[in-house]
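Observations on the model geometry
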Amino acid sequence: MINQQIAGIFDEMADLLEIKGENVFRIRAYRRAAQNIGGLPKDVAQMTEDELLAIPGIGKDLAGKIRHYIDSGKMEAYDELRKEVPEGLTLLLSVPSLGPKTAKLLYDRLQIKDIDDLERLAREHRLSGLPGIKDKTEENILKGIEMLRRGKERLPIGRVLPTAQDILSQLRKKARVRELTLAGSLRRWKETVKDIDILATSEEPEKVMSAFVHLPVVREVLMHGPTKSSVVITEGIQVDLRVVEKESFGAALAYFTGSKSHNIRLREMAVKAGMKINEYGIYREKDDRRLGGEKEEDVYRLLGLPYIPPELREDTGEIEAALGDRLPELLELADIKGDLHVHTKHSDGSHSLEELIKAARERGYEYIAITDHTKGLGVARGLNEEKILEEMKEIKAVNKRLKGFRVLMGAEVDIRSDYTLDLPDEVLSKLDIVVASVHSGFRQSREQITKRLISAIKNPYVSVIAHPTGRLIGERDAYEVDMEKVFSAAKEAGKAMEINAYPLRLDINDAYAKRAKEMKIPVMINTDTHVINQFDFMIYGVSIGRRGWLEKGDVINTLNAENLLKWLRKSKA
Ligand code: DGT
Ligand code: CA
Ligand code: ZN
């Protein structure tokens, strides 16, 4: 989607304006626009003028720039800004941990012209000593460089999946396909992916191939064959499409879904059982007799296994569990009854309570919790005691009118660097749900951050820790924290851990979700919605939960409203 490109440009414009020392409101306007466009599941190129203007933070001026960019591929204001800032400096900005101020300082003082220069100087400790730069800053710059290089190889799933789905729907319109599905890491919902793998069946494979290589998103054709083609699309992502015979579809789907290590295990089992599996089918070794392969289930059935869902196929115990008939009955999107981490425009969200309720009901939910930021978070217009109490009143009044739906009164309190929360217990005690999270001081030591999270867990009114590790995929690593200790504290205090479903967060990740389940720590899956469409990110959170082997019973927001409130009260006992 073009959304990510535009968001990227606006973000970079904000950086460039900051380097030039421009007006803070202008800078903030671009940042906000970037955030809101980046978070839209709908393609801005498909939007009408009115729809564009309805995106929070997009006025006439920015809407005009967006429209112009869609039509012409040009953003003159951006080109101008880039001309005004030296190229070496814009290059430094691409390092995730390097903000505009530091980038400018390094550029001015040390004449660093490229990333290799920066890396060398940071390694030689030649940056520290400059104002505001410590050993830790150098370390973070080196980590940022590594991340930049890594990031070029793998992309966050949230950036790729909408594009992949778009390609599927275009292909369906342009060619006669029977089966058409994603395979590879995207089908397994891995948090980052290298490329897009697509599998199809069709009576006219060559026409499908031709339609594929001529899709408008295609920038470069790497290979155009009769049943397999590879292209690079505008965002620089490689897409592979294979058309296979109908009778091989299941075997091919299993093969190309992977993971590689899961497949290797299956093939070993087949060999032991006198069979052979490949992307065409399953065969008896001694006489090559074909045993199946049209359906993916065939592969598992012939090996004497129950069907293993794609999210589990990582060879992390799923084969043993399948052999012992101990596979989890995975959580599903439809099990989720509400979202417990939602922002309104009272803090940094974009919508009123009414609009959020309507959107939540449209998604079939029974409840939401309003969890605006609190006063410690000035940048997010966090609410003070008085404003929180006002919001509570508003929610109480709304609840009186609502039938079959309930709004929980909550807050997302900030866990400060000094281990305290930014609202007094007296106020917290009045809320249905308190979500606590870290928003600053990410560079404290492992001991300090661990202590911060545990202090929050020990507060009697806190029910859940939101985005517990603080990472932003491809942009910011998790802070240093001893999650094992944090989990033990949560277990002891009867608190939950959040899977934040925002696609760049997915925090806690799949491995931690699995660990939480093993330790019997309840999980909440929330979207942290700031803009209504972001409610639809729930599927990402659910999928990470599934990759963490979670079942319905492991997730708090599968409870009905009554039982949820019971659990929340208990969590405060
Ligand atoms: P990615 O692309 O790095 O995000 O991860 P995948 O799993 O999509 O990997 P990819 O695209 O290289 O290959 C797609 C699937 O094809 C992979 O999950 C399993 C299968 N595959 C690819 N190469 C091999 C191989 O050498 N042996 C076996 N058994 N399977 C393979
Ligand atoms: Ca792949
Ligand atoms: Zn939040």
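Look a little higher up for the structure.
Computed from a predicted structure; not experimentally measured.

Here's the deal with the coordination of the zinc ion (ligand 3)
Those protein atoms acting as donors to the zinc ion (ligand 3) are His341 (NE2), His343 (NE2), Glu412 (OE) and Asp528 (OD), and they sit at 2.1 to 2.2 Å. One way to put it: the four donor atoms around the zinc ion (ligand 3) meet at angles of 82 to 168 degrees, and that makes the site irregular. In the primary sequence, the donor residues of the zinc ion (ligand 3) line up as H-x1-H-x68-E-x115-D. Separated by 71 residues along the polypeptide, His341 in strand E11 (residues 338-342) and Glu412 in strand E13 (residues 406-414) bring together distant segments of the chain. The exposure class of His341 is buried, given its relative accessible area of 0%.

Some points on the side chain of Gln170
Here Gln170 is to be found in helix H10 (residues 157-174). If we skip the residues at most four places from it in the chain, Gln170 touches Leu215, Pro216 and Val217.

Considerations on the sheet that holds strand E8 (residues 275-277)
Taken in spatial order, the three strands of this open sheet run E8-E9-E10, and their pairing is antiparallel. Among the strands making up the open sheet, the edge pair consists of E8 and strand E10 (290-292). Averaged over all adjacent pairs, the angle separating strand axes in this sheet is 30 degrees, with direction ignored. As defined by bridge partners, strand E9 (residues 282-284) adjoins E10 across two bridges and the pair is classed as antiparallel. Along E10, the bridge assignment pairs Tyr283 with Arg290.

Quick word on unusual backbone geometry
In this structure, Ser259 follows Gly258 across a cis peptide bond, with omega equal to -5 degrees. With respect to the helices and strands, the residue Ser259 is situated in the loop between helix H13 (249-257) and helix H14 (260-272). In this chain, Asp507 is followed by Ile508 through a cis amide linkage whose omega measures 10 degrees. Counting through the fold element by element, Ile508 comes out in the loop between strand E16 (496-500) and helix H22 (510-518). Unusually for a residue other than glycine, Leu506 sits at a positive phi of about 40 degrees. You can see Leu506 is positioned in the loop between E16 and H22. Positive phi values are uncommon outside glycine, yet Trp549 reaches one of about 65 degrees. With respect to the element layout, Trp549 can be found in the loop between helix H23 (538-547) and helix H24 (561-571).

So, the coordination of the calcium ion (ligand 2)
Coordination sphere of the calcium ion (ligand 2), protein contribution only: Asp195 (OD) and Asp197 (OD), at 2.2 Å. Here Asp195 matches Asp197 in class, with each residue buried.

Here's the deal with the side chain of Asp507
The residue Asp507 is located in the loop between E16 and H22 in this model. The buried charged residue Asp507 lacks any salt bridge, with Arg505 as its nearest oppositely charged partner at 4.9 Å. Setting aside anything within four residues of it in sequence, one finds Asp507 in contact with His467, Pro468, Thr469, Gly470, Arg471, Glu498, Ile499 and Asn500.

Definitions and cut-offs
Residues numbered from 1 in each chain as written. Chains lettered and ligands numbered in written order. Predicted model: local features only at pLDDT ≥ 70, side-chain atom pairs only at ≥ 80, totals over all residues. Heavy atoms only, no water. Donors = N, O, S within 2.8 Å, 3.2 Å for Na, K, Ca; no water. Tetrahedral: all angles 85-135°; square planar, octahedral: opposite > 155°, others 65-115°. Helix = DSSP H or I, 4+ residues; strand = E, 2+ residues; numbered from the N terminus. Buried < 20%, exposed > 50% of the residue type's maximum accessible area, 1.4 Å probe, protein only. Contact = heavy atoms within 4.5 Å. Pairing = 2+ DSSP bridges. Axes fitted to C-alpha atoms, helices over the stretch in contact; angles between N-to-C directions. Lys, Arg positive; Asp, Glu negative; His and termini not counted. Salt bridge = Lys/Arg side-chain N within 4 Å of Asp/Glu carboxyl O.

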